Amino acid sequence: MKKTLAKLADGRELIYFDTDEGAVREASDLRPLDPVDSRPELRRDEATGDWITIASHRQNRTYHPPAGECPLCPSRDGRLSEIPAADYEVAVFENRFPSLAGEAGRCEVVCFTPDHDAGFADLTPSAARLVLDAWTDRTAALSELPGVEQVYCFENRGAEIGVTLAHPHGQIYAFPFVTPRTAKMTAAAEAHRAATGRNLFEDLLSRARAATERVVTAGEHWTAFVPYAARWPYEVHLYPHRRVPDLTCLTEAERAEFPHVYLDLLRRFDRLFPVPATEAEPPRRPAPTPYISAWHQAPRTRGGELALHLELFTIRRTADKLKFLAGTESGTEAFINDVAPETAARRLREALA
(Lines give C-alpha, C1' and ligand atoms only; values in the text may rest on other atoms or scores of the structure.)
Protein backbone atom coordinates (compact mmCIF):
# COMPACT_ATOMS: atom_id res chain seq x y z
CA MET A 1 0.00 0.00 0.00
CA LYS A 2 1.21 3.51 -0.85
CA LYS A 3 0.10 6.46 1.25
CA THR A 4 0.28 10.01 -0.14
CA LEU A 5 -0.33 13.05 2.05
CA ALA A 6 -1.77 16.27 0.61
CA LYS A 7 -3.56 19.45 1.68
CA LEU A 8 -6.86 20.88 0.53
CA ALA A 9 -7.23 24.58 -0.24
CA ASP A 10 -8.52 25.40 3.24
CA GLY A 11 -5.73 23.52 4.99
CA ARG A 12 -7.54 20.26 5.72
CA GLU A 13 -5.58 17.03 5.40
CA LEU A 14 -6.15 14.68 2.45
CA ILE A 15 -4.64 11.20 2.18
CA TYR A 16 -4.59 8.94 -0.86
CA PHE A 17 -4.25 5.17 -0.41
CA ASP A 18 -3.12 3.16 -3.45
CA THR A 19 -2.34 -0.47 -4.13
CA ASP A 20 0.14 0.66 -6.79
CA GLU A 21 3.41 1.76 -5.18
CA GLY A 22 4.11 3.83 -8.28
CA ALA A 23 0.92 5.90 -8.06
CA VAL A 24 1.53 9.66 -8.28
CA ARG A 25 -0.94 12.07 -6.63
CA GLU A 26 0.25 15.62 -7.28
CA ALA A 27 -2.94 17.49 -8.23
CA SER A 28 -3.54 20.67 -6.21
CA ASP A 29 -6.87 21.86 -4.83
CA LEU A 30 -7.67 24.97 -6.88
CA ARG A 31 -10.93 25.90 -5.16
CA PRO A 32 -11.16 29.33 -3.45
CA LEU A 33 -12.09 27.95 -0.03
CA ASP A 34 -12.24 29.87 3.21
CA PRO A 35 -10.74 28.18 6.26
CA VAL A 36 -13.09 25.80 8.05
CA ASP A 37 -14.76 27.56 10.97
CA SER A 38 -16.24 24.85 13.19
CA ARG A 39 -16.53 25.05 16.95
CA PRO A 40 -18.47 22.03 18.16
CA GLU A 41 -19.32 22.08 21.84
CA LEU A 42 -19.49 19.06 24.13
CA ARG A 43 -22.18 19.10 26.81
CA ARG A 44 -22.78 16.39 29.38
CA ASP A 45 -26.34 15.19 29.97
CA GLU A 46 -26.48 15.22 33.76
CA ALA A 47 -29.46 12.85 33.79
CA THR A 48 -27.60 10.04 31.98
CA GLY A 49 -23.93 10.99 32.01
CA ASP A 50 -23.82 10.86 28.18
CA TRP A 51 -21.88 13.42 26.18
CA ILE A 52 -23.89 15.38 23.59
CA THR A 53 -22.17 17.27 20.75
CA ILE A 54 -23.63 20.63 19.72
CA ALA A 55 -22.51 21.28 16.11
CA SER A 56 -24.83 23.93 14.70
CA HIS A 57 -22.50 24.71 11.78
CA ARG A 58 -23.52 21.38 10.22
CA GLN A 59 -26.88 22.84 9.23
CA ASN A 60 -25.10 24.24 6.16
CA ARG A 61 -23.49 20.98 4.98
CA THR A 62 -23.98 19.69 1.43
CA TYR A 63 -27.39 18.04 1.07
CA HIS A 64 -28.30 15.62 -1.75
CA PRO A 65 -26.38 17.34 -4.58
CA PRO A 66 -26.96 16.23 -8.19
CA ALA A 67 -24.58 13.49 -9.34
CA GLY A 68 -22.74 16.01 -11.51
CA GLU A 69 -21.93 18.10 -8.43
CA CYS A 70 -20.90 15.30 -6.09
CA PRO A 71 -18.06 16.54 -3.84
CA LEU A 72 -16.65 13.01 -3.44
CA CYS A 73 -16.10 12.23 -7.12
CA PRO A 74 -12.66 12.95 -8.61
CA SER A 75 -12.04 16.43 -10.04
CA ARG A 76 -12.62 16.01 -13.77
CA ASP A 77 -13.69 18.02 -16.81
CA GLY A 78 -13.30 21.36 -15.06
CA ARG A 79 -15.45 20.36 -12.07
CA LEU A 80 -13.53 20.67 -8.79
CA SER A 81 -14.36 18.49 -5.80
CA GLU A 82 -12.95 17.49 -2.43
CA ILE A 83 -10.63 15.12 -4.32
CA PRO A 84 -8.26 17.19 -6.54
CA ALA A 85 -6.97 14.12 -8.42
CA ALA A 86 -8.60 13.02 -11.68
CA ASP A 87 -8.79 9.49 -10.26
CA TYR A 88 -8.10 7.66 -7.01
CA GLU A 89 -8.49 4.29 -5.30
CA VAL A 90 -9.26 5.24 -1.69
CA ALA A 91 -9.15 8.81 -0.39
CA VAL A 92 -9.50 10.06 3.20
CA PHE A 93 -9.88 13.71 4.17
CA GLU A 94 -10.94 15.86 7.10
CA ASN A 95 -14.66 16.58 7.01
CA ARG A 96 -15.46 20.18 6.02
CA PHE A 97 -18.53 20.05 8.26
CA PRO A 98 -17.24 18.07 11.24
CA SER A 99 -19.23 17.02 14.27
CA LEU A 100 -15.94 16.89 16.18
CA ALA A 101 -12.94 19.16 15.72
CA GLY A 102 -9.94 20.60 17.53
CA GLU A 103 -9.86 19.66 21.19
CA ALA A 104 -13.26 18.01 20.70
CA GLY A 105 -11.90 15.27 18.41
CA ARG A 106 -11.78 14.85 14.66
CA CYS A 107 -14.01 13.63 11.80
CA GLU A 108 -12.75 12.15 8.53
CA VAL A 109 -14.47 11.03 5.33
CA VAL A 110 -13.39 7.79 3.63
CA CYS A 111 -14.15 7.54 -0.10
CA PHE A 112 -14.20 3.85 -0.99
CA THR A 113 -14.07 4.23 -4.78
CA PRO A 114 -14.17 6.93 -7.48
CA ASP A 115 -17.24 5.22 -9.01
CA HIS A 116 -20.24 7.32 -7.96
CA ASP A 117 -22.76 4.60 -8.78
CA ALA A 118 -21.02 1.71 -7.02
CA GLY A 119 -21.41 0.45 -3.48
CA PHE A 120 -19.05 -1.27 -1.10
CA ALA A 121 -20.55 -4.60 -2.17
CA ASP A 122 -19.42 -3.86 -5.75
CA LEU A 123 -15.76 -3.59 -4.78
CA THR A 124 -13.22 -6.26 -5.65
CA PRO A 125 -11.56 -8.07 -2.73
CA SER A 126 -8.37 -6.10 -3.49
CA ALA A 127 -10.25 -2.78 -3.31
CA ALA A 128 -12.03 -3.81 -0.09
CA ARG A 129 -8.68 -4.80 1.41
CA LEU A 130 -7.34 -1.33 0.61
CA VAL A 131 -10.27 0.20 2.53
CA LEU A 132 -9.44 -2.07 5.47
CA ASP A 133 -5.83 -0.88 5.30
CA ALA A 134 -7.03 2.75 5.28
CA TRP A 135 -9.27 2.13 8.33
CA THR A 136 -6.32 0.53 10.09
CA ASP A 137 -3.94 3.37 9.25
CA ARG A 138 -6.39 5.99 10.47
CA THR A 139 -7.17 4.04 13.64
CA ALA A 140 -3.47 4.04 14.50
CA ALA A 141 -2.98 7.73 13.65
CA LEU A 142 -6.12 9.08 15.30
CA SER A 143 -5.56 7.04 18.46
CA GLU A 144 -2.35 8.99 18.98
CA LEU A 145 -4.03 12.41 18.92
CA PRO A 146 -4.14 14.16 22.30
CA GLY A 147 -7.44 13.69 24.07
CA VAL A 148 -8.85 10.99 21.74
CA GLU A 149 -10.51 8.15 23.67
CA GLN A 150 -12.21 6.10 20.94
CA VAL A 151 -11.86 5.68 17.16
CA TYR A 152 -15.05 4.69 15.35
CA CYS A 153 -15.07 3.68 11.66
CA PHE A 154 -18.51 3.37 10.09
CA GLU A 155 -20.59 3.54 6.92
CA ASN A 156 -24.13 4.88 6.55
CA ARG A 157 -25.64 3.60 3.29
CA GLY A 158 -28.94 4.68 1.75
CA ALA A 159 -31.26 7.68 1.85
CA GLU A 160 -33.51 5.79 4.29
CA ILE A 161 -30.65 5.85 6.81
CA GLY A 162 -30.28 9.61 6.37
CA VAL A 163 -27.31 9.70 3.99
CA THR A 164 -26.99 13.10 2.28
CA LEU A 165 -24.23 12.15 -0.22
CA ALA A 166 -24.94 9.18 -2.47
CA HIS A 167 -21.29 8.52 -3.37
CA PRO A 168 -19.99 5.33 -1.64
CA HIS A 169 -18.17 6.54 1.44
CA GLY A 170 -17.84 6.10 5.15
CA GLN A 171 -16.63 8.17 8.07
CA ILE A 172 -14.23 7.95 10.98
CA TYR A 173 -14.88 9.75 14.26
CA ALA A 174 -12.14 10.25 16.83
CA PHE A 175 -14.14 10.83 20.01
CA PRO A 176 -12.73 12.67 23.03
CA PHE A 177 -14.95 10.45 25.20
CA VAL A 178 -16.11 6.84 25.32
CA THR A 179 -19.46 6.57 23.51
CA PRO A 180 -22.52 5.28 25.41
CA ARG A 181 -22.81 1.92 23.63
CA THR A 182 -19.10 1.24 24.05
CA ALA A 183 -19.31 2.14 27.74
CA LYS A 184 -22.26 -0.25 28.20
CA MET A 185 -20.47 -3.08 26.38
CA THR A 186 -17.31 -2.50 28.41
CA ALA A 187 -19.23 -2.56 31.67
CA ALA A 188 -21.01 -5.77 30.65
CA ALA A 189 -17.69 -7.37 29.70
CA GLU A 190 -16.09 -6.39 33.00
CA ALA A 191 -19.04 -7.81 34.93
CA HIS A 192 -18.86 -11.02 32.89
CA ARG A 193 -15.15 -11.36 33.65
CA ALA A 194 -15.77 -10.84 37.34
CA ALA A 195 -18.57 -13.43 37.37
CA THR A 196 -17.04 -16.12 35.13
CA GLY A 197 -13.34 -15.38 34.71
CA ARG A 198 -13.87 -15.37 30.93
CA ASN A 199 -14.13 -12.73 28.23
CA LEU A 200 -17.71 -11.87 27.24
CA PHE A 201 -17.01 -11.46 23.51
CA GLU A 202 -15.15 -14.76 23.26
CA ASP A 203 -18.16 -16.42 24.88
CA LEU A 204 -20.63 -14.67 22.55
CA LEU A 205 -18.69 -15.88 19.52
CA SER A 206 -18.38 -19.39 20.91
CA ARG A 207 -22.11 -19.63 21.62
CA ALA A 208 -23.03 -18.32 18.19
CA ARG A 209 -20.75 -20.79 16.41
CA ALA A 210 -22.21 -23.62 18.49
CA ALA A 211 -25.79 -22.47 17.80
CA THR A 212 -25.35 -22.78 14.03
CA GLU A 213 -28.90 -21.57 13.28
CA ARG A 214 -27.68 -18.01 13.92
CA VAL A 215 -24.48 -18.23 11.81
CA VAL A 216 -24.77 -16.49 8.41
CA THR A 217 -21.34 -17.12 6.90
CA ALA A 218 -17.88 -18.02 8.16
CA GLY A 219 -14.28 -18.46 7.10
CA GLU A 220 -11.11 -19.72 8.72
CA HIS A 221 -10.59 -16.49 10.66
CA TRP A 222 -14.00 -14.73 10.76
CA THR A 223 -17.61 -15.62 11.62
CA ALA A 224 -20.72 -13.55 10.87
CA PHE A 225 -23.75 -14.29 13.02
CA VAL A 226 -27.06 -12.79 14.12
CA PRO A 227 -26.89 -11.99 17.85
CA TYR A 228 -29.21 -13.85 20.20
CA ALA A 229 -30.97 -10.60 21.21
CA ALA A 230 -30.78 -8.68 17.93
CA ARG A 231 -32.23 -5.16 18.09
CA TRP A 232 -32.78 -4.67 14.36
CA PRO A 233 -34.79 -6.76 11.85
CA TYR A 234 -31.62 -7.91 10.11
CA GLU A 235 -28.52 -7.44 12.26
CA VAL A 236 -25.25 -9.32 11.86
CA HIS A 237 -22.10 -9.17 13.96
CA LEU A 238 -18.77 -10.08 12.35
CA TYR A 239 -16.02 -11.29 14.71
CA PRO A 240 -12.45 -12.38 14.11
CA HIS A 241 -11.93 -15.76 15.78
CA ARG A 242 -8.94 -14.39 17.69
CA ARG A 243 -9.81 -11.67 20.19
CA VAL A 244 -8.02 -8.38 19.47
CA PRO A 245 -8.75 -4.84 20.73
CA ASP A 246 -8.71 -3.01 17.40
CA LEU A 247 -7.94 -3.12 13.68
CA THR A 248 -4.23 -2.51 14.16
CA CYS A 249 -3.83 -5.90 15.86
CA LEU A 250 -5.17 -8.10 13.04
CA THR A 251 -2.73 -10.54 11.44
CA GLU A 252 -2.05 -10.68 7.71
CA ALA A 253 -4.11 -13.88 7.42
CA GLU A 254 -7.07 -12.18 9.11
CA ARG A 255 -6.72 -9.12 6.88
CA ALA A 256 -6.52 -11.24 3.74
CA GLU A 257 -9.72 -13.16 4.53
CA PHE A 258 -11.80 -10.22 5.75
CA PRO A 259 -12.72 -8.75 2.30
CA HIS A 260 -14.12 -12.08 1.08
CA VAL A 261 -16.30 -12.63 4.16
CA TYR A 262 -17.44 -9.00 4.38
CA LEU A 263 -18.28 -8.67 0.67
CA ASP A 264 -20.21 -11.93 0.87
CA LEU A 265 -22.17 -10.54 3.81
CA LEU A 266 -22.98 -7.21 2.10
CA ARG A 267 -24.16 -9.01 -1.04
CA ARG A 268 -26.48 -11.14 1.07
CA PHE A 269 -27.97 -7.96 2.54
CA ASP A 270 -28.53 -6.57 -0.96
CA ARG A 271 -30.46 -9.71 -1.94
CA LEU A 272 -32.76 -9.80 1.05
CA PHE A 273 -35.53 -7.88 -0.69
CA PRO A 274 -35.67 -8.77 -4.40
CA VAL A 275 -37.77 -6.72 -6.79
CA PRO A 276 -40.50 -9.11 -8.02
CA ALA A 277 -41.17 -9.59 -11.71
CA THR A 278 -44.46 -8.37 -13.18
CA GLU A 279 -46.20 -8.88 -16.49
CA ALA A 280 -44.83 -5.51 -17.61
CA GLU A 281 -41.28 -5.86 -16.28
CA PRO A 282 -38.80 -8.75 -16.07
CA PRO A 283 -37.02 -9.51 -12.78
CA ARG A 284 -34.65 -6.73 -11.80
CA ARG A 285 -31.64 -6.51 -9.54
CA PRO A 286 -32.73 -6.22 -5.89
CA ALA A 287 -32.99 -2.71 -4.56
CA PRO A 288 -29.87 -1.83 -2.54
CA THR A 289 -30.52 -2.43 1.14
CA PRO A 290 -29.95 0.59 3.41
CA TYR A 291 -27.61 -0.25 6.25
CA ILE A 292 -25.24 0.95 8.94
CA SER A 293 -21.91 -0.83 9.25
CA ALA A 294 -19.94 -0.05 12.40
CA TRP A 295 -16.55 -1.13 13.73
CA HIS A 296 -16.45 -1.39 17.51
CA GLN A 297 -12.93 -1.01 18.84
CA ALA A 298 -11.57 -0.89 22.36
CA PRO A 299 -11.23 2.65 23.76
CA ARG A 300 -7.92 3.92 25.07
CA THR A 301 -8.94 3.64 28.71
CA ARG A 302 -10.91 0.80 30.30
CA GLY A 303 -10.89 -1.09 27.02
CA GLY A 304 -9.11 -4.28 28.00
CA GLU A 305 -12.18 -6.52 27.82
CA LEU A 306 -13.79 -5.11 24.67
CA ALA A 307 -13.08 -7.10 21.50
CA LEU A 308 -12.93 -5.77 17.96
CA HIS A 309 -16.04 -6.61 15.95
CA LEU A 310 -18.22 -5.16 13.22
CA GLU A 311 -21.98 -4.67 13.57
CA LEU A 312 -24.05 -4.48 10.38
CA PHE A 313 -27.78 -3.81 10.38
CA THR A 314 -30.62 -2.49 8.24
CA ILE A 315 -33.76 -0.61 9.22
CA ARG A 316 -35.69 -2.35 6.42
CA ARG A 317 -37.92 -5.10 7.84
CA THR A 318 -39.76 -6.04 4.62
CA ALA A 319 -39.40 -5.01 0.98
CA ASP A 320 -41.70 -2.02 1.52
CA LYS A 321 -41.54 -1.38 5.28
CA LEU A 322 -38.93 0.31 7.46
CA LYS A 323 -38.40 -0.02 11.19
CA PHE A 324 -38.62 3.45 12.68
CA LEU A 325 -37.51 4.06 16.24
CA ALA A 326 -40.76 5.04 17.91
CA GLY A 327 -41.79 5.61 21.52
CA THR A 328 -40.17 2.62 23.19
CA GLU A 329 -36.89 2.64 21.29
CA SER A 330 -36.35 6.40 21.04
CA GLY A 331 -37.90 7.23 24.39
CA THR A 332 -36.54 4.45 26.61
CA GLU A 333 -34.00 2.54 24.45
CA ALA A 334 -36.14 -0.60 24.90
CA PHE A 335 -35.96 -2.30 21.49
CA ILE A 336 -38.71 -4.48 20.03
CA ASN A 337 -37.67 -6.62 17.06
CA ASP A 338 -40.28 -7.85 14.55
CA VAL A 339 -38.02 -10.56 13.07
CA ALA A 340 -36.72 -13.54 15.06
CA PRO A 341 -32.90 -13.68 14.92
CA GLU A 342 -32.97 -17.30 13.74
CA THR A 343 -35.31 -16.35 10.89
CA ALA A 344 -33.11 -13.43 9.91
CA ALA A 345 -30.04 -15.67 9.84
CA ARG A 346 -31.82 -18.27 7.70
CA ARG A 347 -32.98 -15.65 5.20
CA LEU A 348 -29.47 -14.24 4.95
CA ARG A 349 -28.01 -17.72 4.42
CA GLU A 350 -30.52 -18.32 1.63
CA ALA A 351 -29.99 -14.91 0.03
CA LEU A 352 -27.17 -16.08 -2.26
CA ALA A 353 -28.58 -19.56 -2.87
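Look above for the structure.
For clarity, every value in this text was computed on a predicted model and none was experimentally measured.

S.K.: So, the nonpolar core: which residues are in play, and what are the values?
M.R.: Core analysis: the largest hydrophobic core is formed by 50 residues, its most contacted members being F120, W135 and W295. Apart from residues no more than four positions distant in its own chain, W135 is found in contact with F112, F120, C153, I172, L247, F258, Y262 and W295. C73, I83, V109 and C111 belong to the second largest nonpolar core, which has 15 residues in total.

S.K.: I'd love a proper account of the pairing of strand β11 (residues 234-240), names of residues and values included.
M.R.: Burial analysis of β11 places seven of its seven residues in the buried class, the great majority of the element. Taking every second residue as pointing to the same face, both faces of β11 are buried, with Y234, V236, L238 and P240 on one and E235, H237 and Y239 on the other. Relative to β11, strand β10 (residues 222-225) is paired through four bridges, and the arrangement is antiparallel. Its bridge partner lying in β11, F225 is registered against H237.

S.K.: Which residues make up the packing of aromatic side chains, and what values do they have?
M.R.: Under the definition given, this model contains 19 aromatic pairs. Seen from their ring centres, F258 and Y262 are 5.1 Å apart, and the 20 degrees between their planes marks the pair as stacked. Of this pair, F258 and Y262 both sit in helix α4 (residues 252-270), separated by four residues, roughly a single helical turn. Each of the two residues, F258 as well as Y262, counts as buried. A connected cluster of aromatic rings, assembled from ring pairs, spans F112, F120, W135, W222, F258, Y262 and W295. Its end group placed over the ring of Y16, R25 keeps NZ or CZ at 5.7 Å from the ring centre. Sitting over the ring of F335, R231 keeps its end group 5.7 Å from the ring centre.

S.K.: Quick one: what's the story with the pairing of strand β12 (residues 291-296), residue by residue and with numbers?
M.R.: Most of β12 is tucked away: six of the six residues are buried. Residues of β12 alternate between two faces, with Y291, S293 and W295 on one and I292, A294 and H296 on the opposite face, all of them buried. Here strand β7 (residues 150-157) pairs with β12 via four bridges, running antiparallel. Pairing of R157 across the sheet is with Y291, part of β12. As paired strands, β12 and strand β13 (residues 309-314) are joined by five bridges and run antiparallel to one another. Bridge pairing in β13 links A294 to E311.

Rules used in this analysis
- Starting afresh in each chain, residues are numbered from 1 along the sequence in its written order.
- Reporting of local features is limited, given that this is a predicted model, to residues whose pLDDT is at least 70; pairs of side-chain atoms are given and counted only at 80 or more, and all residues count toward the totals for whole chains, interfaces and linings.
- As a rule here, side-chain values come from all non-hydrogen atoms in the structure, and water together with hydrogens is ignored.
- Here, nonpolar core means buried Ala, Val, Leu, Ile, Met, Phe, Trp, Tyr and Cys residues that are tied together by side-chain atoms lying within 4.5 Å of each other.
- Three exposure classes are used, based on accessible area relative to the maximum for each residue type with a 1.4 Å probe and protein chains only: buried under 20%, partly exposed in between, and exposed over 50%.
- Contacts were defined at the residue level, with two residues in contact if any of their heavy atoms lie within 4.5 Å.
- Helix numbers and strand numbers start at the N terminus; a helix is a DSSP run of H or I with at least 4 residues, a strand a run of E with at least 2.
- One bridge is not enough; two strands pair if DSSP finds at least two bridges between them.
- Centres within 6.5 Å are what make two rings of Phe, Tyr or Trp a pair, Trp counting through its six-membered ring; a difference in plane orientation under 30 degrees is then read as stacked, over 60 as edge-to-face, and the rest as tilted.
- Counting as a charge over the ring demands two things of the Lys NZ or Arg CZ atom: a distance within 6 Å of the ring centre and an angle within 35 degrees of the ring normal.

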